[in-house]
Amino acid sequence: MNRVPLAERMRPQTLGEVVGQDAIIGDGKILTEIVKKGEPVNLIFWGPPGTGKTTLARILAHEYSADFVELSAVTAKKQDITDVVERAKVNWNLKIRTVLFVDEIHRFNKAQQDAFLPHVESGLIILIGATTENPSFEVISPLISRSRVVVVSALKKDGILEVLKRAVKAEKVTKQVKKDALELIAELSGGDARSALGDLELSLSIANGQPVTKDTVITAVGRKVPNYDKSGDYHYDNISAFIKSMRGSDVDATLYYLARMVESGEDPKFIARRMVIFASEDIGLAASAALNLAVSCFEAIERVGMPEGGIILSHVATVLAKAPKNRDSYDGWARAQEIAHRTMGAPIPIWLRNAPTKLMKELGFGEGQKWEAGFHLDKSYLPEEVAGERIFDPSAKSTYNHNDKNTKNS
């Protein structure tokens, strides 16, 4: 029995064997050009799990004829970093390059990342980091500035199928594994080649020499838990896609991304909160009742819970997506904040101030005001410094950045 996992046995050995990364491998593409020139470059691979980041690092190290050292930021200690530096110094004297691959580099704290800088700058270490998180937020700026960030994409279904077909051919089980079983494994993989190969290996084990069918795969895989980190990019990407789909009035996409979040175990109250904000931010004056509906949705989720709460989320998300959109009130609020921020010291006109004393009345405080409903004073209600500003202006096109800080630019 071969104890080396199938995913490891099928790991590509050259760039030409890598599947589904046409944006970075091929004539004129970054990794191919780096190998052609023979000049190592510090890299940060950013992409989902199972897309080949470790494989690419190993291939590059082989192409450089370098000593490949692999660390996991989850388990590495300070001594491990020290040992790597000492090993690199020995290699340097022997005129051997050292490639340090740091898996999950985003899990290193700032001090640990800083420790690499002098050795990266001197060329002692060629650093290749791998991360599933956005490097802009998780990797220190000095390291990013000294590296090239390379986006490694999740494999599409066709790419996963190619990997699986190679595997069944290599394992000489092509006839044993049914075509629809491979299709199902590819669909369930979520673009993760390592996961797909693991599912194939487990299906073959369960089949025990018998044909591998869709039923075999379902037995082996069960209900796949989506790759969904509630504090990571997948979380933010899904909620962002959901909001943008409602903003674009695409009901199909709205319900699709809603289902993805619900199936992944996202907190339904988080989704409902975002819908409450959306109702004011994007629908606003075009259908003011949308806010009441969204608030009712949040309260209903608290009372009903899941899974039935999904019906309520779907109902309200559909209404919000189909509703007319208007951002005049939101744009007005953005302008008001910006103007208020730069004129906080502007004195409030005295005719708007209270006059509780005789002296203040004599000085003009509250002059001309009447305690009448709808009374309008024929003077500017704004401070003199702001009097010429137009804050609520429905005729103006929005020039404000509406990116939501809570959703990483939703």
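Anything mentioned here points back to the structure above.
These numbers come from a predicted model, not from an experiment. (Residues numbered from 1 in each chain as written. Predicted model: local features only at pLDDT ≥ 70, side-chain atom pairs only at ≥ 80, totals over all residues. Heavy atoms only, no water.)

Peer 1: Explain the overall build of the protein chain to me, using residue names and the numbers behind them.
Peer 2: What the protein chain contains, in helices and strands, is 18 helices and 5 strands. For the protein chain, with 410 residues in total, the buried portion stands at 41%. Considering only residue pairs separated by 6 or more positions, the protein chain has 72% of its internal contacts joining residues 24 or more positions apart. Accessible area of the protein chain: about 23000 Å², with a carbon and sulfur share of 53%. (Helix = DSSP H or I, 4+ residues; strand = E, 2+ residues; numbered from the N terminus. Buried < 20%, exposed > 50% of the residue type's maximum accessible area, 1.4 Å probe, protein only. Contact = heavy atoms within 4.5 Å. Areas by Shrake-Rupley, 256 points an atom, 1.4 Å probe, with all protein chains shown as cover.)

Peer 1: So what about the sheet that holds strand E5 (residues 148-151)? Which residues, and what values?
Peer 2: Read across the open sheet, the 5 strands follow the order E2-E3-E4-E1-E5; overall the sheet is parallel. The open sheet has two edge strands with one neighbour each: strand E2 (67-72) and E5. Between one strand axis and the next, the sheet turns through 20 degrees on average, direction left out of account. With 4 bridges connecting them, strand E1 (residues 43-46) and E5 associate as parallel partners. If you follow Trp 46 over to E5, its bridge partner there is Val 151. (Pairing = 2+ DSSP bridges. Axes fitted to C-alpha atoms, helices over the stretch in contact; angles between N-to-C directions.)

Peer 1: Quick rundown of the pairing of E1? Include the residues and the values.
Peer 2: Of the pairings in the sheet, the one linking E1 to strand E4 (residues 126-131) comprises 4 bridges and is parallel in character. The partner of Ile 44 across the bridge, within E4, is Gly 129.

Peer 1: Account for the nonpolar core, with residues named and values stated.
Peer 2: A general feature of soluble globular proteins is that nonpolar side chains tend to end up buried together. Leu 164, Val 177 and Leu 200 are the most contacted members of the largest nonpolar core, which totals 27 residues. Elements with a minimum of two residues in this core: helix H8 (157-170), helix H9 (179-188), helix H10 (193-207) and helix H11 (214-221). Once residues lying within four places of it in the same chain are set aside, the contact partners of Leu 200 are Leu 6, Leu 164, Ala 167, Val 168, Val 177, Leu 182 and Ile 185. Core analysis: the second largest hydrophobic core is formed by 24 residues, Phe 242, Ile 243, Leu 258 and Met 261 among them. (Core = buried A, V, L, I, M, F, W, Y, C linked by side-chain atoms within 4.5 Å.)

Peer 1: Describe the packing of H9 against H11, naming the residues involved and giving the relevant values.
Peer 2: Running from N to C, H9 and H11 cross one another at 35 degrees; their axes reach a closest spacing of 8 Å. Across the interface between the two elements, Asp 180, Ala 181, Leu 184, Ile 185 and Leu 188 of H9 pack against Lys 214, Val 217, Ile 218 and Val 221 of H11.

Peer 1: Which residues make up the pattern of salt bridges, and what values do they have?
Peer 2: Counted under the stated rule, the structure contains 19 salt bridges. Across the pair Glu 187 and Lys 157 runs a salt bridge whose closest N-O atoms are separated by 3.0 Å. Taken together, the residues Glu 187 in helix H9 and Lys 157 in helix H8 connect sequence positions 30 residues apart. For Glu 187, a relative accessible area of 52% gives the class exposed. One salt bridge in this structure joins Asp 282 and Arg 247, with 2.8 Å as the shortest N-O distance. Of this pair, Asp 282 sits in helix H14 (residues 268-283) while Arg 247 is found in helix H12 (residues 233-247), placing the two residues 35 residues apart along the sequence. One salt-bridge network, in which partners are shared between bridges, spans Glu 8, Arg 11, Arg 58 and Glu 70. (Salt bridge = Lys/Arg side-chain N within 4 Å of Asp/Glu carboxyl O.)

Peer 1: Can you explain the side chain of Thr 343? Please cite residues and give values.
Peer 2: In this structure, Thr 343 sits in the loop between helix H17 (328-342) and helix H18 (358-362). A polar atom in the side chain of Thr 343 sits 2.7 Å from the backbone oxygen of Ile 339. (Polar contact = N/O pair within 3.5 Å; in protein donor to acceptor, adjacent residues only side chain to side chain.)

Peer 1: Could you give an account of the side chain of Asn 238, naming the residues involved and the relevant values?
Peer 2: Structurally, the position occupied by Asn 238 is in helix H12. By relative accessible area, Asn 238 is classed as buried at 6%.

Peer 1: Requested: an account of the packing of aromatic side chains, with residues and values cited.
Peer 2: All told, the structure shown has 3 aromatic pairs when counted by the stated rule. Between Phe 68 and Phe 101 the ring centres are 6.1 Å apart and the planes differ by 20 degrees, which places this aromatic pair in the stacked class. Placement of the pair is Phe 68 in strand E2 and Phe 101 in strand E3 (residues 98-103), with a sequence separation of 33 residues. What makes Phe 101 buried here is its relative accessible area of 0%. When the centroid spacing of 5.0 Å and the interplanar angle of 70 degrees are considered together, the rings of Tyr 256 and Tyr 257 count as edge-to-face. (Phe/Tyr/Trp six-rings, centres within 6.5 Å; stacked < 30°, edge-to-face > 60°.)

Peer 1: Can you tell me about the packing of H14 against helix H15 (residues 289-304), naming the residues and giving the values?
Peer 2: Remark: H14 packs on H15, axes separated minimally by 8 Å, with the N-to-C direction vectors making an angle of 175 degrees. The angle between H14 and H15 falls in the class roughly antiparallel. Here Pro 268, Lys 269, Ala 272, Arg 273, Met 275, Val 276, Ala 279, Ser 280 and Ile 283 of H14 come into contact with H15, specifically with Ala 290, Leu 291, Ala 294, Val 295, Cys 297, Phe 298, Ile 301 and Glu 302. Its residues assigned to classes, the contact of H14 with H15 comprises 13 nonpolar, 1 polar and 3 charged. (Parallel < 35°, antiparallel > 145°, perpendicular 65-115°, else oblique. Nonpolar A, V, L, I, M, F, W, Y, C, P; charged D, E, K, R; others polar.)

Peer 1: Which residues make up helix H4 (residues 78-93), and what values do they have?
Peer 2: Its 16 residues give H4 an end-to-end C-alpha distance of 24 Å, which sits within 8% of 22 Å, the value for a rise of 1.5 Å per residue. Against E2, E3 and helix H5 (110-122) lie the buried residues of H4. (Expected span 1.5 Å × (residues − 1).)

Peer 1: Talk me through the environment of Pro 383; I want residue IDs and the actual numbers.
Peer 2: Tracing the backbone shows Pro 383 in the segment after H18. We classify Pro 383 as buried; its relative accessible area is 16%. Taking the C-alpha atoms as reference points, Pro 383 and Ile 348, 35 residues apart in sequence, are found 5.3 Å from one another.

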